[in-house]
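# What the coordinates show
The chain contents come next:
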Amino acid sequence: MKTRQGTVAVELTVNGEKRVAAAEPRMLLTDFLRHGLGLTGTHVGCEQGVCGACTVLVDGQPARACLTFAVQVEGGCVDTVEGMAEPGALSDVQQAFRAEHGLQCGFCTPGMLASTEALLQENPDPTDDEIREYLSGNVCRCTGYQGIIAAVRRVANERKAASRDA
Ligand code: FES
Ligand code: FES
């Protein structure tokens, strides 16, 4: 792909689709997703790896997009909040956050959802302490966290019940 001087073509699979855009080697994954690809669901808070708002899944693992250069994930898979459900629908995790009042302003929510997906992949039936520990890198200024813990608990229970009935 022809690129502007000083940029390289970065090709990624984002939410299951091949995407390619030009990026300077120093471009952060947050900027690549938001400005390069128009996926503004990934939020930028502290920009120094502390708040977790920018968390996305890179090859299935939670990653701070504000501490990752886009070129570092060339050829990899990135999953963002936009890919969690079909347009106009909500994933089970999103529904649980809504049902349990796990969000108010929603700024932290995309990162919380990505971390929750990763947690439940790793540990489908976490205790409340394990949920707290896993989500400790995601800061929320609004909710007091109780609704978030309850939401994760709800999804874990729903998935457990669904696999029992299957
Ligand atoms: S914006 Fe990346 S951790 Fe805060
Ligand atoms: S809902 Fe506002 S920061 Fe979490």
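Each residue is numbered by its place in its chain's sequence as written, counting from 1. Starting at A for chains and at 1 for ligands, labels are handed out in the order in which the entities are written. Reporting in this predicted model follows two pLDDT cut-offs: at least 70 for local features of residues, and 80 or more for side-chain atom pairs to be given and counted; totals over whole chains, interfaces and linings ignore these cut-offs and use all residues.

### Details of the domain arrangement of the chain
Annotation of the chain at the domain level lists domain 1 (8–83) and domain 2 (92–165). Taken over C-alpha atoms, the centre of domain 1 sits 22 Å from the centre of domain 2. Each residue gets a C-beta atom placed from its backbone, and two residues are in contact if those atoms lie within 7 Å. In this assembly, 15 residues from domain 1 lie in contact with 13 residues from domain 2. Breaking the side of domain 1 that touches domain 2 down by element, the ones donating at least two residues are β3 (55–58) and β4 (61–64). Boundary definitions for the domains trace back to an automatic or database domain assignment. Only DSSP runs of H or I with at least four residues qualify as helices, and only runs of E with at least two residues qualify as strands; both kinds are numbered from the N terminus onward.

### Let's talk about the sheet that holds β4
In short, DSSP must find at least two bridges between two strands for them to pair. Across the sheet, which stays open at both edges, the five strands sit in the order β2-β1-β5-β3-β4 with mixed pairing between neighbours. Of all the strands in the sheet, just β2 (17–23) and β4 have a single pairing partner and so form its edges. Neighbouring strand axes in the sheet, compared pairwise and without regard to direction, differ in orientation by 40° on average. Axis definition: a line fit to C-alpha positions, over the contact stretch in the case of helices; interaxial angles, taken between N-to-C directions, run 0 to 180 degrees. Together, β3 and β4 form the strand contacts of helix α3 (residues 109–122), whose direction differs from that of β3 by roughly 40°.

### Some details on the pairing of β3
Any residue surrounded by 20 or more other C-beta atoms within 10 Å of its C-beta is treated as buried, while 12 or fewer makes it exposed and the intermediate range makes it partly exposed; C-beta atoms here are placed from the backbone. A two-sided burial pattern is seen for β3, the buried positions comprising T55 and L57 on one face and V56 and V58 on the other. Looking at chain direction, β3 and β4 are connected through four bridges and run antiparallel. Among the inter-strand pairings, T55 is bridged to a residue of β4, identified as R64. Count of turn residues in the β3/β4 antiparallel hairpin: two residues, of which D59 carries a positive phi of about 50°. Pairing between β3 and strand β5 (residues 77–79): two bridges, direction antiparallel.

### Examining the packing of helix α2 (residues 92–99) against helix α5 (residues 146–165)
Close contact between α2 and α5 brings their axes to 8 Å; oriented N to C, the two are set at 135°. One way to sum up the angle between α2 and α5 is to call them oblique. Note on packing geometry: the crossing formed by α2 with α5 is right-handed. Here α2 contributes D92, V93, A96, F97 and A99 to the contact with α5, which in turn contributes A151, R154, V155 and E158. Charged residues are taken to be Asp, Glu, Lys and Arg, nonpolar residues to be Ala, Val, Leu, Ile, Met, Phe, Trp, Tyr, Cys and Pro, and polar residues to be all remaining types, Gly included. Taken together, the residues of the contact of α2 with α5 break down into six nonpolar, no polar and three charged. Oblique is the label for every angle not falling under 35 degrees (roughly parallel), over 145 degrees (roughly antiparallel), or within 65 to 115 degrees (roughly perpendicular). Left-handed is the label given to a crossing in which the near helix is rotated counterclockwise from the far helix by less than a right angle, and right-handed is the label when the rotation is clockwise.

### Concerning the nonpolar core
Under the definition applied here, buried Ala, Val, Leu, Ile, Met, Phe, Trp, Tyr and Cys residues are grouped into a nonpolar core through C-beta atoms within 7 Å. Membership of the largest hydrophobic core comes to 42 residues, with the highest contact counts inside it found for F32 and A65. Listed by contribution, the elements that provide at least two residues to this core are β1 (8–14), β2, α1 (29–36), β3, α2, α3 and α5. If near-sequence neighbours (up to four positions away) are discounted, A65 is found in contact with L28, L29, T30, L33, T42, C54 and V56.

### A word on α3
Multiplying one less than the number of residues by 1.5 Å gives the expected span of a helix. For α3, spanning 14 residues, the distance from its first C-alpha to its last is 20 Å, which sits close to the expected 20 Å at 1.5 Å a residue. Burial runs high along α3: ten of the 14 residues are buried. Burial in α3 covers these residues: T109, P110, G111, M112, L113, A114, S115, T116, E117 and L119. In this fold, the buried residues of α3 make contact with β3, β4, α2, α4 (128–134) and α5.

### Some remarks on the pairing of β2
When β1 meets β2, the two strands line up antiparallel, connected through seven bridges. Residue pairing across strands places V10 opposite A21, the latter belonging to β2. What sits between β1 and β2 in their antiparallel hairpin is a turn of two residues, with N15 showing a positive phi close to 50°.

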